[in-house]
Amino acid sequence: MREARLGSASAPELVVLRALKLGDLLVAVPALRALRRAFPEHRIRYLGPAWLEPIVDLVGGIELFDTPGLEAPIAFGGDVDIAVNLHGRGPQSNRRLDALNPHRRIGHHQTDAGGPVWQGPEWLADIHERERWTRMLRWHGIDADPMELYLDPPPVASVYPGAVIVHPGAAYASRQWPVERFAELARAVADAGHEVVLTGSASERERALTVARATGLADEAVLAGSCDLAQMAALVHEAAAVISADTGAAHLASAYRTPSVVLFGPAAPEQWGPPPGPHRVLTDARRRRGDVFADQPDPALLAVGPGDVLAALADLEVL
């Protein structure tokens, strides 16, 4: 990982803990932008996994400090002026930050017999993640807007400008729409005259190849596992549309105002869904079981068919 040097080494340090995944980073962008604006003299470092660095760079004025998770102490040297907990409400995440001995703590209210009391608002379960963290900052006197979710343009150009991105993977089986439905959908989009590319991680490449072959697309249309995060951001930034489950790809579409159709299963769109704009959410809340770790797709997801997605694309004037 390259060593970013956006701030002076003598500047006071502000660290933000959110050692999670891509979607978690993207819903925290409004809070990160608010912190950058509120503390212009600070060097702000995002404590998260190293692989997120290309997207952290697109927030603007924030560096990444490699923090894979909470299993080990945060290996951060130097004096910390402000510690911000965007990871959770504690006690584990708070203890990791307490160990840095910050002069000021910004987080939710939490009392831990093993460490300092964290002052802050009470945790609310059923609010949108963007609102959760901006609400917390406002409690601490920091102006924050949950709609300030947009990223800077990526530093590279898309290799498939104007394509429709179909993202058939998801981290958990509960969010995986059936492969045959993705294939039917991709075939219809391609038949309508759009270039279709299939994205995903390296572990999702076989799933994407299965969709491509069932659709009649060439293997070259499968970008899963072959493009890095900066290239993925460029693909989404210049895409005609993104079709995805509730994953990081969907949150990238929100961050770039790219038309998107997002298929929701166990998670509630009221907490994780896209903002108002050229985005459509498809789910059936009445059937939702809500078990993220289930080994089968959530019934709320299975209630959505390819025809529903095509109708949503037509509503967005993509088809």
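Preceding block: the structure.
The notes below deal with the structure included here. (Residues numbered from 1 in each chain as written. Predicted model: local features only at pLDDT ≥ 70, side-chain atom pairs only at ≥ 80, totals over all residues. Heavy atoms only, no water.)

**Considering the overall build of the protein chain**
Point 1. Secondary structure summary: the protein chain contains twelve helices and ten strands in total.
Point 2. For the protein chain, the C-alpha radius of gyration of 20 Å lies close to 20 Å, the compact-globule estimate for 319 residues.
Point 3. Counting over 319 residues, the protein chain shows a buried share of 55%.
Point 4. In the protein chain, once contacts between residues fewer than 6 apart in sequence are set aside, the share between residues at least 24 apart is 63%.
Point 5. Where the 30 positive side-chain charges of the protein chain centre and where its 40 negative ones centre are 4 Å apart. (Helix = DSSP H or I, 4+ residues; strand = E, 2+ residues; numbered from the N terminus. Rg over C-alpha atoms; globule rule 2.2 N^0.38 Å. Buried < 20%, exposed > 50% of the residue type's maximum accessible area, 1.4 Å probe, protein only. Contact = heavy atoms within 4.5 Å. Lys, Arg positive; Asp, Glu negative; His and termini not counted. Charge placed at Lys NZ, Arg CZ, Asp CG, Glu CD.)

**Here we look at the pairing of strand β8 (residues 241-245)**
Point 1. Counting buried positions over the five residues of β8 gives five, a clear majority of the element.
Point 2. Pairing geometry for strand β6 (residues 164-167) and β8, over four bridges, is parallel. In the sheet register, His167 faces β8, and the bridge partner there is Ser244.
Point 3. Pairing analysis gives four bridges linking β8 to strand β9 (residues 260-263), with the strands arranged parallel. Within β9, the residue paired with Ala245 across the bridge is Leu263.
Point 4. After leaving β8, the chain enters helix α9 (residues 248-255) and then returns to the sheet as β9, a path that is right-handed. (Pairing = 2+ DSSP bridges. Right-handed = clockwise from strand over helix to strand, strands pointing away.)

**Notes on the sheet that holds strand β10 (residues 279-282)**
Point 1. Overall, parallel pairing links the five strands, which are arranged β7-β6-β8-β9-β10 in an open sheet. Only two strands of the sheet have a single neighbouring strand rather than two, namely β7 (196-198) and β10. Going across the sheet, the axis of each strand differs from the next one's by a mean of 15°, ignoring polarity.
Point 2. Most of the contacts of α9 go to β8, to which it runs at about 145°, and overall it touches β6, β8, β9 and β10. (Axes fitted to C-alpha atoms, helices over the stretch in contact; angles between N-to-C directions.)

**What about the sheet that holds strand β4 (residues 80-85)?**
Point 1. The parallel open sheet is built from five strands, whose spatial order is β3-β2-β1-β4-β5. Edge strands, defined here as strands with exactly one partner in the open sheet, are β3 (63-66) and β5 (104-106). If you compare each strand with its neighbour and ignore which way they point, the axes differ by 25° on average.
Point 2. Of the pairings in the sheet, the one linking strand β1 (residues 13-17) to strand β2 (residues 43-48) comprises five bridges and is parallel in character. Across the sheet, residue Glu13 finds its bridge partner in β2, namely Arg43.

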